[in-house]
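In case you want the letters, here they are:
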Number of protein chains: 2
Amino acid sequence: MTKKGAGEQELRTRLRLPPGEPVDLSAHDTRATPGDPGGKDAALAQTGRMGRRLAALQDRLWAASTAGDRRRVLLVLQGMDTSGKGGTVKHVAGLLNPAGCRVRAFRAPTAEERAHDFLWRVRRALPRPGEIGIFDRSHYEDVLVARVRHLAVPAEIGSRYGRINDFERSLADDGVTVVKCFLHLSAQEQRRRLLRRLDRPDKRWKFDPGDIEDRALWPAYQEAYATVLERCAGPHAPWYLVPADRKWYRNWAVCRLLLEHLRDLDPRYPEADFDVAACRERLTRHT
Amino acid sequence: MTKKGAGEQELRTRLRLPPGEPVDLSAHDTRATPGDPGGKDAALAQTGRMGRRLAALQDRLWAASTAGDRRRVLLVLQGMDTSGKGGTVKHVAGLLNPAGCRVRAFRAPTAEERAHDFLWRVRRALPRPGEIGIFDRSHYEDVLVARVRHLAVPAEIGSRYGRINDFERSLADDGVTVVKCFLHLSAQEQRRRLLRRLDRPDKRWKFDPGDIEDRALWPAYQEAYATVLERCAGPHAPWYLVPADRKWYRNWAVCRLLLEHLRDLDPRYPEADFDVAACRERLTRHT
């Protein structure tokens, strides 16, 4: 991706939620495919091609880090159960060199994690310079499930939005490009996916009867998400709303968002800080 | 891989170094391709097919862990500079679901790591139940470079072999299948690869002039490896000698070794511990 065509900027612009504005999730079509290259087959083919560009840029990012470049990327995936966070990790991270990719899934906090501030476990899982980190769920759970299920008192929850913004600003200052994707799923599609999990013995283990109870809390979750999308969307860490009912679109879009950000970073292979000709000579002469 | 054919057991048997026996590395051809399916093209095609089997077994391993199965796999890669540890990670881990794969490259220890026992940083990087861990270098560096470059006193180095064996036995007891691969490269092939790094601007960053000095220590490294391969090869954690001059063979062989071990574990999807029909009914009835 050497040239920036007008069309190539488009997805980021199209999916970015304007910071500070109220978000009405019901106004966003979960089956939409904004910016897609012309349907499923075209998107699948383009995702493959983007994968090679991603891997090439990742290699440069890693190489640059060996010469002191502290930049890195953190992809944050949030969304309701079955919205495809795990599937996105599998597809997007599968396009990268696993050695430079730090994947972390956040589940209910352990006793040790609960003994610390909610950002503690997140800080420990951050990508190192040169890496691409992927979070399947994140610190946002602490203002989503924590709010809906009353896992903390309201004043504590209320304080977290600002602390998240401060945290993400500090990440930006430290060279971390944060790409936050909300995978927007419909309740109907979730039901279809939950039923599919029940029907397939090799998927059934992913099913938790608690998921059914969570569906009764769907409106509360949508409201909690809308609050997050409005309050935690600084210019240094905007939210992208990715319609997620169609898996091929979701994978294509997240891939493209990642590619657009990496391309902007434009990492470079470091120059040799040693005498290349002399090294070649020494290697050729001996043994 | 549902049936165990005689041929399928073969690679593990062929590459395993007999425990406790002196190892003469010069007697092992670095360009050999024991057990290969008939040359490069056949190996590449088979590696792709094995990748799908690996991913399917990995999915089962992970699923089983959600029901309390503590088993996991740790692939340890050791070998001289340019022997292809990084390339193997890229190719083998690239076949797996990145979410269940924990890759760790060990470099020279940091100040914090040096303040602890040499196994401290290794314990922290172990795969969790259900995961496949890959180490690019490992605790073996502490009896390899540490020995050759005299980074610790001889008595300390001497004590480490036994401590490594105890450690690996404790891993086995805790459900960790350790698969240790020594990527066996010739000095000639290393020279070719180092020259290639010098010649390509996108590879030059990997070059370290110190690598040339290390070549003068080649015999000392080979001796240190021979000692490791002889002394740290219990039945619970044998060493596999993988000829590594040919990259396609190296990838194929490591892939196959991993597959043979995962197949033996035979992880199973857990049975549902809830009423599937009732859940289906609740999901279909509401919303």
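Coordinates for the structure precede this section.
How each quantity is defined
Residues numbered from 1 in each chain as written. Chains lettered and ligands numbered in written order. Predicted model: local features only at pLDDT ≥ 70, side-chain atom pairs only at ≥ 80, totals over all residues. Heavy atoms only, no water. Helix = DSSP H or I, 4+ residues; strand = E, 2+ residues; numbered from the N terminus. Rg over C-alpha atoms; globule rule 2.2 N^0.38 Å. Buried < 20%, exposed > 50% of the residue type's maximum accessible area, 1.4 Å probe, protein only. Contact = heavy atoms within 4.5 Å. Lys, Arg positive; Asp, Glu negative; His and termini not counted. Charge placed at Lys NZ, Arg CZ, Asp CG, Glu CD. Buried area = accessible area lost by both parts, 1.4 Å probe. Salt bridge = Lys/Arg side-chain N within 4 Å of Asp/Glu carboxyl O. Polar contact = N/O pair within 3.5 Å; in protein donor to acceptor, adjacent residues only side chain to side chain. Least-squares fit on C-alpha atoms with pLDDT ≥ 70 in both. Pairing = 2+ DSSP bridges. Axes fitted to C-alpha atoms, helices over the stretch in contact; angles between N-to-C directions. Expected span 1.5 Å × (residues − 1). Arc of directions from axis to C-beta. Parallel < 35°, antiparallel > 145°, perpendicular 65-115°, else oblique. Left-handed = near helix turned anticlockwise from the far one by under 90°. Phe/Tyr/Trp six-rings, centres within 6.5 Å; stacked < 30°, edge-to-face > 60°. Lys NZ or Arg CZ within 6 Å of the ring centre and 35° of its normal.

Student: Sorry if this is basic, but what is going on with the overall build of chain A here?
Tutor: In terms of regular secondary structure, chain A is built from 12 helices and five strands. Against the compact-globule benchmark of 19 Å for 287 residues, chain A has a radius of gyration of 21 Å, which places it among compact chains. Of all 287 residues assigned to chain A, the portion counted as buried reaches 51%. A sequence separation of at least 24 residues applies to 82% of the contacts in chain A between residues at least 6 apart. Positive and negative side-chain charges of chain A, numbering 51 and 39 respectively, have mean locations separated by a distance of 4 Å.

Student: What should I look at first to understand the interface of chain B and chain A in this one?
Tutor: A common way to report how large an interface is uses the accessible area buried once the components associate. Every contact between the two is made by 39 residues of chain B and, on the other side, 39 residues of chain A. Summed over both sides, the interface of chain B with chain A buries roughly 3,700 Å², with 68% coming from carbon and sulfur. In this structure, the connection of chain B to chain A is made through four salt bridges. Between B:Glu213 and A:Arg282 there is a salt bridge; the shortest N-O distance is 3.4 Å. Viewed at the interface, chain A and chain B are joined by four residue pairs in polar contact (both at pLDDT 80 or more). Listing elements by their share of the side of chain B that touches chain A, those giving two or more residues are α2 (40-65), α3 (85-93), α8 (187-199), α9 (210-216) and α12 (276-285) of chain B. Top contributing element to the side of chain B that touches chain A by residue count: α12(B), with six residues.

Student: It is not clear to me how the relation of the copies chain B and chain A should be interpreted in this structure. Could you clarify?
Tutor: One chain copy maps onto the other through a rotation about an axis and a shift parallel to that axis. In the superposition of chain B on chain A (RMSD 0.0 Å, axial shift 0.0 Å), the rotation amounts to 180 degrees. Look at the turn and shift together and you get a two-fold axis relating the two.

Student: Looking at this structure, how should I read the sheet that holds strand β3 (residues 132-136) of chain B?
Tutor: Consider a sheet: its strands pair through backbone hydrogen bonds, and that pairing is either parallel or antiparallel. Residue and element names in this part refer to chain B. If you walk across this open sheet you meet the five strands as β2-β3-β1-β4-β5, and the pairing is parallel. Each edge of the open sheet carries a strand with a single partner, namely β2 (101-105) and β5 (239-243). Strand-to-strand twist across the sheet, computed as the mean angle between neighbouring axes with direction ignored, equals 20 degrees.

Student: Honestly, α8(B) in this entry has me stumped. Any pointers?
Tutor: Since the α-helix packs 3.6 residues into each turn, any two residues three or four apart lie on the same face. The end-to-end C-alpha separation of α8(B) is 18 Å, in line with the 18 Å expected for 13 residues at 1.5 Å each. Of all the residues in α8(B), the buried ones are B:Ala187, B:Glu189, B:Gln190, B:Arg193, B:Leu194, B:Arg197 and B:Leu198.

Student: Looking at this structure, how should I read the sheet that holds strand β5 (residues 239-243) of chain A?
Tutor: Residue and element names in this part refer to chain A. Strand order in the open sheet made by the five strands is β2-β3-β1-β4-β5, with parallel pairing throughout. Each end of this open sheet is capped by a strand with a single partner; those strands are β2 (101-105) and β5. With direction set aside, neighbouring strand axes in the sheet form an average angle of 20 degrees. One ladder, built from five bridges, connects strand β4 (residues 176-184) with β5; its direction is parallel. From the neighbouring strand, Lys180 faces β5, where its bridge partner is Trp239.

Student: I would appreciate a short explanation of the pairing of strand β4 (residues 176-184) of chain B in the present structure.
Tutor: All names here are of chain B. For β4, the buried fraction is high: nine of the nine residues fall into the buried class. Here strand β1 (residues 72-79) pairs with β4 via eight bridges, running parallel. Each residue of the ladder has a partner; that of Gly79, found in β4, is Leu183.

Student: Any chance you could explain the pattern of salt bridges here in plain terms?
Tutor: Where charged atoms from two side chains of opposite charge come close, those side chains can pair. All names here are of chain B. Counted according to the given criterion, the structure contains 54 salt bridges over all chains. Between Arg12 and Asp264 there is a salt bridge, with the nearest N and O atoms lying 3.1 Å from each other. Here the residue Arg12 occupies a position in helix α1 (residues 6-15), and Asp264 occupies one in helix α11 (residues 247-265), the gap between them amounting to 252 residues. Residue class for Arg12 comes out buried when judged on its relative accessible area of 7%. Judged by relative accessible area, which is 35%, Asp264 ranks as partly exposed. Of the charged contacts, one joins Arg147 and Glu223 as a salt bridge, the two residues approaching to 3.0 Å between their closest N and O atoms. Of this pair, Arg147 sits in helix α6 (residues 145-148) while Glu223 sits in helix α10 (residues 218-231), placing them 76 residues apart in sequence. Look at Arg147 and you get partly exposed, because its relative accessible area is 26%.

Student: What is the right way to read α12(B) from this model?
Tutor: Looking only at α12(B), the buried set comprises B:Val276, B:Cys279 and B:Leu283. Take α12(B) and look down its axis: the buried residues cluster within an arc of 65 degrees, on one side only. Looking at the buried residues of α12(B), the elements they touch are α8 (187-199) and α9 (210-216) of chain A. A distance of 3.2 Å separates the backbone nitrogen of B:Ala277 from a side-chain oxygen at the start of α12(B), and that oxygen is part of B:Asp275.

Student: What is the right way to read the packing of helix α7 (residues 154-173) of chain A against helix α10 (residues 218-231) of chain A from this model?
Tutor: For any two helices packed against each other, one specifies the inter-axial angle together with the distance between the axes. Residue and element names in this part refer to chain A. Two elements in contact, α7 and α10, have axes whose closest approach is 10 Å; the angle formed by their N-to-C orientations is 40 degrees. In terms of axis orientation, α7 runs oblique to α10. The element α7 and its partner α10 pack so that their crossing is right-handed. Counting all contacts with α7, which are made through Gly158, Tyr161 and Asn165, the residues of α10 involved are Thr227, Val228 and Arg231.

Student: What is the right way to look at the packing of aromatic side chains in this model?
Tutor: Two descriptors summarise a pair of aromatic rings, namely the distance from one centre to the other and the angle between the planes of the rings. Counted by the stated rule, this structure contains 12 aromatic pairs over all chains. Both rings, one in A:Tyr249 and one in A:Trp252, keep their centres 5.7 Å apart while their planes meet at 40 degrees; by these two values the pair is tilted. Taken as a pair, A:Tyr249 and A:Trp252 lie in helix α11 (residues 247-265) at a separation of three residues, close to a single helical turn. Each member of the pair, A:Tyr249 together with A:Trp252, is buried. With centroids separated by 4.9 Å and ring planes inclined at 85 degrees, the aromatic side chains of B:Phe106 and B:Phe135 adopt a geometry described as edge-to-face. Of the two residues, B:Phe106 sits in the loop between β2 and α4 (111-114) while B:Phe135 sits in strand β3, which places them 29 residues apart along the sequence. Exposure class is identical for B:Phe106 and B:Phe135. Each is buried. Here the aromatic cluster, defined as three or more aromatic residues joined through ring pairs, consists of A:Trp248, A:Tyr249 and A:Trp252. The residue whose ring lies beneath A:Arg160 is A:Phe118, and the NZ or CZ to ring-centre distance is 4.9 Å.

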